[in-house]
Each structure stands twice: as structure tokens, then as C-alpha cells.
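Structural overview
The lines below spell out each chain.
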Amino acid sequence: QSLKQLHAALANSPIENVIYNSSTRVYQSEEGAVNEKTSLHPQQTYAQNLLKAEKLFQTSNTPSTILRLAGLVGGNRHPIKYLKGKEGLSGGKLPVNLVHREDVIGMVQKILEFEAWNETFLAVAAQKPPKEVYYPQIAKKFQLPPPIYTDSPAESHPELDNQYSRAQLKYEFKFDDPFLMPVDL
């Protein structure tokens, strides 16, 4: 409802452009390789609502660009804060999909620099180690109890490919390796 109000307000606003930060969760129901141009068919309500919000901006008269963010890392923000010490987690073989906030800022700067409007871009680091490898190592680094993954199969998981975004924006990620992303925990 509030996004519809914002959409209506944009029509009578001096705002010239919008960058809408969405989420890679719009890909949650997809399998295999996905990118910025993949046709989406979300099954979960949360992902459906994200896609509806994106469409509101894409159909507005205000030039808008969608920036789909992977899990955001930086400052004191990191998923390990919520995973520490948890047991019986599934999906350990699935890749982590993270992006550092400095890379999000860098992509926004490139969108502005190139006036890349009416586009969809994907913000995710290139390296995607398995969760069962990555999160225990990060927990150890910050002296936190590690999460424990089981061998149980997890739901399907898309493979995020943002080569289009990198090429269009001519952006080189500062932190393409999640192990090297600086955080303050």
C-alpha cells in the first residue's frame, strides 16, 4: 500500500530518477543460472511482493533502475550474527550470495555516472563458497560458535550471474571474495 502511495506521489514530484534497492530473493523460486534478464515466477509471498514493488517503479513515468542486492555485509552487518551457534541447518552445500556495502555504493555511483535508467542490475560478489565452509570459518574468525549444517538436501537455489551488471556499469567489485569483506562484529 505504501509503495503505491509512493508511486502516485512520484507522478507529481520534482524527483527526476529513482534507484530502488530490491533483493535477490526475487530469484528464490528459480533454478539454475539466473541473471538480470531472467523471467521471474516467484512462489513465495515475500518474493512476489518484491517483484510487484519493482514493477511499480518500472512502470512509473519517473526513470527508475532496480538494484537487486544479495545479502548485505559491512559495518556491523553480517549474516553470521543470526546463524551463530545454530544447529541442524540445511543447505550447507549451497553457495553464499553476499555483497559488501562499499560495492553497493560503488554500483549506485556508476548508475548515476552513466545515467543507467530503466535497467535492472544485480549486486553480488563473484565468489560464492559453500555455506558449510564459509560460515564456520567466519564464526571462528570472530570467536563465535559456528553454525552446524546437516547433510539434508535443501530447496533449490539459483546461481546468480551478474556479468551484465558488471559490463554495463564497468564496475569492478572491491570485495568479490566474501572471506575478505571487512566487517565490525
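See the structure shown above.
Report follows, based on the coordinates. (Residues numbered from 1 in each chain as written. Predicted model: local features only at pLDDT ≥ 70, side-chain atom pairs only at ≥ 80, totals over all residues. Heavy atoms only, no water.)

1. Remarks on the packing of aromatic side chains
- According to the stated counting rule, one finds 5 aromatic pairs in the structure shown.
- Summarising the aromatic geometry, the rings of Phe121 and Tyr164 are spaced 6.3 Å apart at their centres and angled 20° between planes, so their arrangement reads as stacked. Of this pair, Phe121 sits in strand S6 (residues 120–123) while Tyr164 sits in helix H6 (residues 163–169); the two residues are 43 residues apart in sequence, bridging distant segments of the chain.
- For Phe121, a relative accessible area of 1% translates into the label buried.
- Considering the side-chain rings of Tyr134 and Tyr135, the 5.0 Å spacing of their centres and the 70° angle between planes classify their relative orientation as edge-to-face. (Phe/Tyr/Trp six-rings, centres within 6.5 Å; stacked < 30°, edge-to-face > 60°. Helix = DSSP H or I, 4+ residues; strand = E, 2+ residues; numbered from the N terminus. Buried < 20%, exposed > 50% of the residue type's maximum accessible area, 1.4 Å probe, protein only.)

2. Focus on the side chain of Ser64
- Tracing the backbone shows Ser64 in strand S3 (residues 64–69).
- Residue classification places Ser64 among the buried residues on the basis of a relative accessible area of 1%.
- In terms of polar contacts, Ser64 uses its side chain to reach the backbone carbonyl oxygen of Phe57, at 3.3 Å. (Polar contact = N/O pair within 3.5 Å; in protein donor to acceptor, adjacent residues only side chain to side chain.)

3. Remarks on the packing of helix H1 (residues 2–11) against helix H2 (residues 45–58)
- Direction vectors running N to C along H1 and H2 enclose 5°, while the axes themselves pass 10 Å from each other. With respect to their mutual orientation, H1 and H2 come out roughly parallel. Note on element contacts: H2 touches H1 through Ala53, Leu56 and Phe57, opposite Leu3, Lys4, Leu6, His7 and Leu10.
- Its residues placed into classes, the contact of H1 with H2 shows 6 nonpolar, 1 polar and 1 charged. (Axes fitted to C-alpha atoms, helices over the stretch in contact; angles between N-to-C directions. Parallel < 35°, antiparallel > 145°, perpendicular 65-115°, else oblique. Contact = heavy atoms within 4.5 Å. Nonpolar A, V, L, I, M, F, W, Y, C, P; charged D, E, K, R; others polar.)

4. Overview of the sheet that holds S3
- Here 3 strands make up an open sheet; going across it, the order is S1-S3-S6 and the pairing parallel. Only two strands of the sheet have a single partner each, and these edge strands are strand S1 (18–23) and S6. Shown here is a sheet whose adjacent strand axes are inclined to one another by a mean of 25°, direction ignored.
- Across 6 bridges, S1 lies against S3 in parallel orientation. Note that in S3 the partner of Ser23 across the bridge is Leu69.
- Running over the sheet, H2 touches S1, S3 and S6 and is turned about 165° from S1. (Pairing = 2+ DSSP bridges.)

5. A few points about the pattern of salt bridges
- Enumeration over the complete set of coordinates arrives at 6 salt bridges.
- Where Glu119 meets Lys37, a salt bridge forms, and the shortest distance between an N and an O atom there is 3.6 Å. Of the two residues, Glu119 is situated in the loop between helix H4 (101–114) and S6 and Lys37 in the loop between strand S2 (32–34) and H2; the sequence distance between them amounts to 82 residues.
- Close ionic contact of Glu54 with Arg68 constitutes a salt bridge, the shortest N to O distance being 2.6 Å. Placement of Glu54 in helix H2 and of Arg68 in strand S3 is noted, with a sequence separation of 14 residues between them.
- Since its relative accessible area comes to 0%, Glu54 is described here as buried. (Salt bridge = Lys/Arg side-chain N within 4 Å of Asp/Glu carboxyl O.)

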